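Each chain, written out:
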Amino acid sequence: MATSPVVLGIESSCDETGAGLVQDGRLLGHALSSSMEEHARYGGVVPEIAARAHVHALMPVVHQALENAQLTMGDIGAVAVTTGPGLSGALQVGLAGAKGLAYSLGLPLYGVHHLAGHVAADTLEHGPLPDPCVVLIVSGGHTSLLLVRDLVRDPIVHLGDTLDDAAGECFDKVARVFGLPYPGGPAIDRTARDGDPASVRFPRPLTGPRDARYAFSFSGLKTAAARWAEWHQAQGLDLPVADGAAALQEAVADVLTRKAVAACQEHQVDTLVVVGGVAANSRVRSLAEQRCQDKGITLRVPPLRLCTDNGAMIAAVGDLLVRSGAQPAPLDLSIDPSAPLEYAALTPLTTEPQAA
Ligand code: KG4
Ligand code: ZN
C-alpha cells in the first residue's frame, strides 16, 4: 500500500519555534526551541524578541526534528506552516522559512490555523478524532467550545467563545499580581499544590441560568483575584499565594469542564477533547476526567508535551490536509494574525474555477 508523504510542520506564532514530522497520522520526530526565558523579565512575550529568536532557531529546529526522526531534507514530501493567529513578526519568520523550504525542495505548501493544530495534536497520541466530537480549546489567547466533524473538511462550529480574556491569559495575569514568575499558568499549577481550593470562593462567571451556556468570561475572575490580593496588601497581611492559586485554578477548571460536559450532553456527543496550553493544567485534567467519567463521556487530552505550542501539531494538520487531497497554498500565501477559526486550513480546500 502506498504511504502518504512525510509532512514537515513549522510553528512560530508566539514564543516557541517548533518543527515536527508526521506521516499517516504518526509522529516521526519533532524539536522545539523556546525564547520564554528572554521574555521572563518583561513579564510577557515581547513580539520583536520572539521574532528574532525564531530567525535564529528555525533551521536548527528543523534539522533537529529531522535528526530525531532519522530523516533528511530529501525525505520531506510537503510543508505545513502556521499562518495565524499569532504575533505578526513571529508568524512572518515561520512562513518565510516554510516558503523557502517548499520552493527550494519543490514541495507543496499548506497554511494551517494554529488552533486547528492544537486540536490535531491529540490525534498523534490517540488516533483519528471521532466524528463528531466536542473540543474545548484553552490556550493563552483563546478559549472556545467547538463542535468538530471532519477537522480538515468541514467547517468548525463554535458553540461558545470567551467574551473577554482567555483562560491562560487569566492565569498569566493573576500570577503576575500574585508575584509568581512568567509564564503564569505552570506557576499557578505548581503553587496550587500546597493550597486549599476551598479557602476562597472566587466567582464562576457566566454559569447562571440566564447566561449564555457555552460562552466564557475570565476578566471578572481575574479582577476578583486581584482585589483579593490587594485586600491582603491593604491589611498589611502576607498573601496566602498557594490558597489563592488553588482557588483560582479551581474556579477556572470548574467553569471550563462544567460547560464542556454540558455541551457534550446537549449535542449527544460522547467524546470530549481538551487541547491547548491550559489542557496541561493538572486540575483541568483531573476535573475533566472525573466529570466525563460521571457522565459516560470519553475524554481525550494530549500528553503534556503536545498541549503547549509545538511543530508536530502543525504537521498533524498538514498530514490530514495532504491525505484529504486538499489543494496546496500558492507561494504568495500570507499571514493572518487574527485569523478566526473557521477551517483548519487557511487557504481554500479546492481551487475555484477561474473566470474566463
Ligand atoms: O497553547 P499555548 O502554548 O500557546 C497559545 O497558543 O497561547 O498556551 C499557553 C498558555 C499560557 O497562558 C500558559 O500560562 C498556559 O497555557 N499554561 C498553563 C499550564 N501550562 C501552560 N496554564 C495552567 N496550567 C498549566 N500547567
Ligand atoms: Zn497555542
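Coordinates for the structure precede this section.
Given the structure is predicted, the values throughout are model-derived calculations rather than measurements.

Another aspect to go through is the pattern of salt bridges. Should the charged atoms of two oppositely charged side chains come close, the side chains can pair. Per the counting criterion, the structure on display carries 14 salt bridges. Residue Arg291 is joined to Asp254 by a salt bridge in which the shortest nitrogen-to-oxygen separation is 2.9 Å. Taken together, the positions of Arg291 in helix 10 (residues 282–295) and Asp254 in helix 9 (residues 241–266) put the pair 37 residues apart, joining distant regions of the chain. Shared partners join several salt bridges into a network, and the residues in it are Arg204, Asp254, Arg258 and Arg291.

This structure, assessed with the given rule, holds 3 aromatic pairs. Plain terms: the ring middles of Phe202 and Trp228 are 6.0 Å apart, the flat faces sit at 85 degrees to each other, and that makes the pair edge-to-face. Of this pair, Phe202 sits in the loop between helix 7 (184–192) and helix 8 (219–234) while Trp228 sits in helix 8; the two residues are 26 residues apart in sequence, bridging distant segments of the chain. Among the residues examined, Phe202 registers a relative accessible area of 3% and is labelled buried. Residue class for Trp228 comes out buried when judged on its relative accessible area of 14%. An aromatic cluster of at least three residues, connected via ring pairs, comprises Phe178, Phe202 and Trp228. A cation sits over an aromatic face here: Lys259 above Phe216, 5.7 Å from the ring centre.

A few words on the site of ligand 1. Around ligand 1, the structure places 17 residues, and the nearest of them are His118, Gly140, Asp172, Gly185 and Asp189. His114 places a polar side-chain atom, nitrogen or oxygen, 3.1 Å from an oxygen atom of ligand 1. With respect to ligand 1, the backbone of Gly277 contributes an N or O atom lying 3.0 Å from an oxygen atom. Coverage of ligand 1 by the protein chains reaches 87% of its 550 Å² of free accessible surface. Residues belonging to the shell around ligand 1 are distributed by class as follows: 4 nonpolar, 10 polar and 3 charged.

Taken together, 5 strands build an open sheet; the order of strands is 8-7-6-9-10 and the sheet is mixed. At either end of the open sheet lies a strand with only one pairing partner, and these are strand 8 (157–161) and strand 10 (298–300). The mean angle between the axes of side-by-side strands here comes to 20 degrees, regardless of whether they run parallel or antiparallel. Relative to strand 10, strand 9 (residues 271–275) runs parallel, the two sharing 3 bridges. Each bridged residue has a counterpart across the sheet, and for Leu272 the counterpart in strand 10 is Leu299.

What follows concerns the coordination of the zinc ion (ligand 2). Distances from the zinc ion (ligand 2) to its protein donors, His114 (NE2), His118 (NE2) and Asp309 (OD), fall at 2.0 to 2.1 Å. All donors of the zinc ion (ligand 2) come from a single chain, and their spacing in sequence reads H-x3-H-x190-D. Here the residue His114 and the residue His118 both occupy positions in helix 4 (residues 114–121), the gap between them amounting to 4 residues, near one helical turn. Both residues of the pair, His114 and His118, count as buried.

Cut-offs and rules
- Residues numbered from 1 in each chain as written.
- Chains lettered and ligands numbered in written order.
- Predicted model: local features only at pLDDT ≥ 70, side-chain atom pairs only at ≥ 80, totals over all residues.
- Heavy atoms only, no water.
- Salt bridge = Lys/Arg side-chain N within 4 Å of Asp/Glu carboxyl O.
- Helix = DSSP H or I, 4+ residues; strand = E, 2+ residues; numbered from the N terminus.
- Phe/Tyr/Trp six-rings, centres within 6.5 Å; stacked < 30°, edge-to-face > 60°.
- Buried < 20%, exposed > 50% of the residue type's maximum accessible area, 1.4 Å probe, protein only.
- Lys NZ or Arg CZ within 6 Å of the ring centre and 35° of its normal.
- Near = heavy atom within 4 Å.
- Polar contact = N/O pair within 3.5 Å; in protein donor to acceptor, adjacent residues only side chain to side chain.
- Areas by Shrake-Rupley, 256 points an atom, 1.4 Å probe, with all protein chains shown as cover.
- Nonpolar A, V, L, I, M, F, W, Y, C, P; charged D, E, K, R; others polar.
- Pairing = 2+ DSSP bridges.
- Axes fitted to C-alpha atoms, helices over the stretch in contact; angles between N-to-C directions.
- Donors = N, O, S within 2.8 Å, 3.2 Å for Na, K, Ca; no water.

Read these as geometric descriptors, not functional statements.
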